[in-house]
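Topology and contacts: notes
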Amino acid sequence: MSDLSTPSVVPLPRLRPWLLAVPVFLLIAYLVLMDNGAISQTGTYLHELMHDGRHLLGVPCH
């Protein structure tokens, strides 16, 4: 039986994918949920993709 008061050590190779995936996920979540044209003004295709993503997730956008 393990002692619950002793912290376990997570090796860096197991942690590395999460250190890369979490910032990417947060950026994508920002672009879809919060960006109302501030970043996606580069083209109408990207703007419409983010707009449709907000509707798909049920986030009010207008």
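Being a predicted model, the structure only gives us computed values, none of them experimental.

1. Considerations on helix 2 (residues 44–57)
- The terminal C-alpha atoms of helix 2, which comprises 14 residues, lie 20 Å apart, in line with the 20 Å expected from a rise of 1.5 Å per residue.
- Along helix 2, the positions that sit buried rather than exposed are Met50, His51, Gly53 and Arg54. Considered in projection along helix 2, the buried side chains sweep an arc of 155° and stay on one side of the axis. Pointing more than 90 degrees away from the buried face of helix 2 are the exposed residues Thr44, Tyr45 and Leu56.
- Looking at the packing, one finds that the buried side of helix 2 touches helix 1 (12–33).
- At the exit of helix 2 stands glycine 58, carrying a positive phi of roughly 80°.

2. Thoughts on the packing of helix 1 against helix 2
- Closest axis-to-axis distance for the helix 1/helix 2 pair is 8 Å, and the angle between their directions is 90°. When the interaxial angle is binned, helix 1 and helix 2 end up roughly perpendicular. Residues Leu31, Val32 and Leu33 of helix 1 form the contact with helix 2, whose participating residues are Met50, Gly53, Arg54 and Leu57.
- Looking at the contact of helix 1 with helix 2 residue by residue, the classes come out as five nonpolar, one polar and one charged.

Reading guide: rules and limits
Residues numbered from 1 in each chain as written. Predicted model: local features only at pLDDT ≥ 70, side-chain atom pairs only at ≥ 80, totals over all residues. Heavy atoms only, no water. Helix = DSSP H or I, 4+ residues; strand = E, 2+ residues; numbered from the N terminus. Expected span 1.5 Å × (residues − 1). Buried < 20%, exposed > 50% of the residue type's maximum accessible area, 1.4 Å probe, protein only. Arc of directions from axis to C-beta. Contact = heavy atoms within 4.5 Å. Axes fitted to C-alpha atoms, helices over the stretch in contact; angles between N-to-C directions. Parallel < 35°, antiparallel > 145°, perpendicular 65-115°, else oblique. Nonpolar A, V, L, I, M, F, W, Y, C, P; charged D, E, K, R; others polar.

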